[in-house]
Amino acid sequence: MKITRMKMFHGLSNIELAKLLGKLDKLQLASGDTLFEQGDHGESMYLNEKGKIEFYSQKNDARQPLAFLMEGDSLGEMALITGEARSSTAVAAEHSDLVAVEDHDIFHRDLRIGRIY
C-alpha cells in the first residue's frame, strides 16, 4: 500500500500531500524489533504502510497482549495528542514498513485540521 492511498490523506490536495510527504521519514522493522516501549516519552506517531505491529502492556513480569495493527493503521498518535508516556509496547509481529511523523507541528497543523481525522 502506498502511503498516498491511506484513508487519512484523502482530504489533502496534491500540493498539501507533497509538502507533508517531504517531511516524513520511512522506517523498516524486522520481525521482533521494538518500535517503542511502555513508559517511553513519545514524540512521534507512525503510519503502518506494510506489515503487522503487536501492542502489549507489561505489568509486573506479565505480558498482556492488547492488539495487532495492520497495513493502513496509524499508531502512537496519543503521545502527540496528550504528551503522556507510551501506554503500551509496540513490536513488529512481521517485517513492517512504517512512516514516522516526528514533527509535533506537522501533526497538529496538517493531520488534525479536520480534513484527515
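Let us look at the structure shown here.

Points about the side chain of N48
Part 1: Counting through the fold element by element, N48 comes out in strand β3 (residues 45-50).
Part 2: With relative accessibility at 0%, the residue N48 sits in the buried group.
Part 3: Here the side chain of N48 touches L69 through a polar contact of 3.4 Å, landing on its backbone oxygen.

Description of the sheet that holds strand β8 (residues 96-101)
Part 1: The strand order β1-β8-β3-β6 describes an open sheet built from 4 strands, whose pairing is antiparallel. Unpaired on one side and paired on the other, β1 (25-29) and β6 (74-75) mark the two borders of the sheet.
Part 2: Pairing between β1 and β8: 5 bridges, direction antiparallel. What sits directly across from Q28, in β8, is D97.

Quick look at the pattern of salt bridges
Oppositely charged side chains are able to pair whenever their charged atoms sit close together.
Part 1: Under the counting rule described, the total for this entry stands at 2 salt bridges.
Part 2: With its nearest N and O atoms 2.8 Å apart, the salt bridge here joins K26 to E49. Pair noted here: K26 is in strand β1 and E49 is in strand β3, with a separation of 23 residues, a long-range link.
Part 3: Judged by its relative accessible area of 62%, K26 is exposed.
Part 4: Taking the relative accessible area as the measure of exposure, E49 reaches 10% and is therefore buried.
Part 5: Put simply, E54 and R63 hold a salt bridge, and the shortest N to O gap is 3.3 Å.
Part 6: Its relative accessible area of 16% is what places E54 among the buried residues.
Part 7: Among the residues examined, R63 registers a relative accessible area of 45% and is labelled partly exposed.

Looking at the sheet that holds strand β7 (residues 89-92)
Part 1: Taken in spatial order, the 4 strands line up as β2-β7-β4-β5 in an open sheet, and their pairing is antiparallel. Both edges of this open sheet fall to β2 (34-36) and β5 (62-69), since each of them pairs with a single strand only. Strand-to-strand twist across the sheet, computed as the mean angle between neighbouring axes with direction ignored, equals 30°.
Part 2: Where strand β4 (residues 53-59) and β7 come together, 4 bridges link them in antiparallel fashion. The residue of β7 that forms the bridge with E54 is V91.

Cut-off values and rules
- Sequence order as written defines residue numbering, which begins from 1 separately in each chain.
- Under the rules for a predicted model, residues below a pLDDT of 70 receive no local features and side-chain atom pairs below 80 are neither given nor counted, while totals for whole chains, interfaces and linings still include all residues.
- Side-chain figures throughout are based on the complete set of non-hydrogen atoms in the structure, without hydrogens or water.
- Helix and strand definitions here come from DSSP, where helices need a minimum of 4 consecutive H or I residues and strands a minimum of 2 consecutive E residues; each element is numbered from the N-terminal end.
- Type-normalised accessible area, obtained with a 1.4 Å probe on protein chains alone, sets the label of each residue: buried when under 20%, exposed when over 50%, and partly exposed for intermediate values.
- Polar contacts, as used here, are pairs of N or O atoms within 3.5 Å; protein pairs need one atom able to donate a hydrogen and one able to accept it. Residues neighboring in sequence count only if both atoms are side-chain atoms.
- Strand pairing is assigned whenever DSSP identifies at least 2 bridges connecting the two strands.
- Any carboxyl oxygen of Asp or Glu within 4 Å of a side-chain nitrogen of Lys or Arg constitutes a salt bridge here.
- Throughout, an axis means a line fitted to C-alpha atoms (over the contacting stretch in the case of helices), and angles, computed between N-to-C directions, take values from 0 to 180 degrees.

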